[in-house]
Amino acid sequence: MTTLADIQRRVGVTPDGRIGPQTIAAIAQALGMTEAVTHDRFDHWLPHILKHEGGYVNHPKDPGGATNKGIIQRTYDSWRDRQGQPRQSVRNITDAEVAAIYRRDYWDAIKGDDLPAGVDYCVFDFAVNSGINRAAKYLQAAVGVAQDGAIGPATIAAAKAQDAATLVNAICDRRMAFLRGLGTFATFGKGWTRRVTEVRALALGAA
C-alpha cells in the first residue's frame, strides 16, 4: 500500500508521514497545479476527476460494473433515456456527455459553485468516488450541521464560516477512514489512498 511517506519521497520531500505546507506545495507542483483557480471551477476540476477515473473498465470486484471515465452503464442509460436517445454501451460515451453528466449529476448536486474553493473539489471528487449522499453527509458532519445528505443553505453557510483548509483535511481524513473500512480496500486501497492524497493536496492549494 502506498503511504504518505512514499509519496513524499517521490516528490522530493523528507518523508515524515505528515501533510504540511512543504508536502502540499511539492505534490501540487508535481501534479502541474500551481496556478490559481480563476475560471469556471467545474471546468477546472473536471480534468482532475477524469485523471483518476480513467477509461473503460469492467472489474469483477467493482459493484458498479462496466464503467467509462467514471460513468457506470446504469447512469449512462438513465442519461440517454432523459435525452430521448437510444441506449448504447458506455464504451461509446462522448466527452460532451461525460461533462454534462458530471455537471448535472455531481457538481450541481453538491452545490459546487456555492462551496468554498478547495472544499468544492474535495466534496466533488468524494461524491464521484463514493456517492453524493455520503459525500454530503461527511461534509455536514465536518461543519456540524444535520446530516441529511442534501447540501442546502445551512450546510453552505456553515462551510463558508469555517477555515477551508481545516475543512478539507477533516473531510479527507473521514473519507480515508471510510475507505479503509471497505472489504475491497485490499484490492483498490492503493489507488484510493493515492487519489485522496492528491485530492487533499490540490484542494488545500486552492483553499
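Refer to the structure presented above.
Rules used in this analysis
- Residues numbered from 1 in each chain as written.
- Predicted model: local features only at pLDDT ≥ 70, side-chain atom pairs only at ≥ 80, totals over all residues.
- Heavy atoms only, no water.
- Core = buried A, V, L, I, M, F, W, Y, C linked by side-chain atoms within 4.5 Å.
- Buried < 20%, exposed > 50% of the residue type's maximum accessible area, 1.4 Å probe, protein only.
- Helix = DSSP H or I, 4+ residues; strand = E, 2+ residues; numbered from the N terminus.
- Contact = heavy atoms within 4.5 Å.
- Salt bridge = Lys/Arg side-chain N within 4 Å of Asp/Glu carboxyl O.
- Polar contact = N/O pair within 3.5 Å; in protein donor to acceptor, adjacent residues only side chain to side chain.
- Expected span 1.5 Å × (residues − 1).
- Axes fitted to C-alpha atoms, helices over the stretch in contact; angles between N-to-C directions.
- Parallel < 35°, antiparallel > 145°, perpendicular 65-115°, else oblique.
- Left-handed = near helix turned anticlockwise from the far one by under 90°.
- Nonpolar A, V, L, I, M, F, W, Y, C, P; charged D, E, K, R; others polar.

### Regarding the nonpolar core
Line of reasoning, step 1. Core analysis: the largest hydrophobic core is formed by 50 residues, its most contacted members being Y102, V119, V123, F124, L139, L167 and I171.
Line of reasoning, step 2. Counting residues per element, the ones that place at least two in this core are α3 (41–53), α4 (73–82), α5 (95–107), α6 (119–130), α7 (132–143), α8 (153–161), α9 (164–180) and α10 (185–206).
Line of reasoning, step 3. Setting aside anything within four residues of it in sequence, one finds Y102 in contact with F42, L46, I49, L50, E53, K69, G70, I71, W107, F124 and V128.

### Comments concerning the pattern of salt bridges
Line of reasoning, step 1. This structure, assessed with the given rule, holds 14 salt bridges.
Line of reasoning, step 2. One salt bridge in this structure joins R103 and D43, with 3.5 Å as the shortest N-O distance. Of this pair, R103 sits in helix α5 while D43 sits in helix α3, and the two are 60 residues apart along the sequence.
Line of reasoning, step 3. Residue class for D43 comes out partly exposed when judged on its relative accessible area of 44%.
Line of reasoning, step 4. In this structure, R175 and D125 form a salt bridge, with 2.7 Å as the shortest nitrogen-oxygen distance. Of this pair, R175 sits in helix α9 while D125 sits in helix α6; the two residues are 50 residues apart in sequence, bridging distant segments of the chain.
Line of reasoning, step 5. Judged by relative accessible area, R175 falls into the buried class, the value being 1%.

### A closer look at the environment of P116
Line of reasoning, step 1. Positionally, P116 belongs in the loop between α5 and α6.
Line of reasoning, step 2. By relative accessible area, which is 15% here, P116 ends up buried.
Line of reasoning, step 3. Distance in space between the C-alpha atoms of P116 and A157 is 9.9 Å, their sequence separation being 41 residues.

### Side note on α4
Line of reasoning, step 1. All of the buried residues along α4 are T75, Y76, D77, W79 and R80.
Line of reasoning, step 2. Against the buried residues of α4 lie β2 (71–72) and α5.
Line of reasoning, step 3. Taken from the residues just after α4, G84 is the one with a positive phi, measuring 70°.

### A short note on the side chain of E198
Line of reasoning, step 1. As for its placement among the helices and strands, E198 is situated in helix α10.
Line of reasoning, step 2. The class for E198 is buried, based on a relative accessible area of 13%.
Line of reasoning, step 3. Side chain to side chain, E198 and H52 meet in a polar contact 3.4 Å long.

### Here's the deal with α9
Two residues of an α-helix separated by three or four positions point the same way, owing to the 3.6 residues in each turn.
Line of reasoning, step 1. The end-to-end C-alpha separation of α9 is 24 Å, in line with the 24 Å expected for 17 residues at 1.5 Å each.
Line of reasoning, step 2. The elements touched by buried residues of α9 are α6, α7, α8 and α10.

### As for the packing of α6 against α9
Line of reasoning, step 1. Direction vectors running N to C along α6 and α9 enclose 15°, while the axes themselves pass 9 Å from each other. As the angle between them shows, α6 and α9 are arranged roughly parallel. The handedness of the crossing between α6 and α9 is left-handed. Along the contact surface, α6 presents V119, C122, V123, D125, F126, N129 and S130, while α9 presents A164, L167, V168, I171, C172, R175, F178 and L179.

### Structural notes on the packing of α9 against α10
Line of reasoning, step 1. Running from N to C, α9 and α10 point in directions that differ by 180°, and their axes come no closer than 10 Å. Here α10 runs roughly antiparallel to α9, going by the angle between their axes. Judged by residue contacts, A165, V168, N169, C172, D173, R175, M176, L179 and R180 of α9 engage F185, W192, T193, R195, V196, V199, R200, A203 and L204 from α10.
Line of reasoning, step 2. Looking at the contact of α9 with α10 residue by residue, the classes come out as 11 nonpolar, two polar and five charged.

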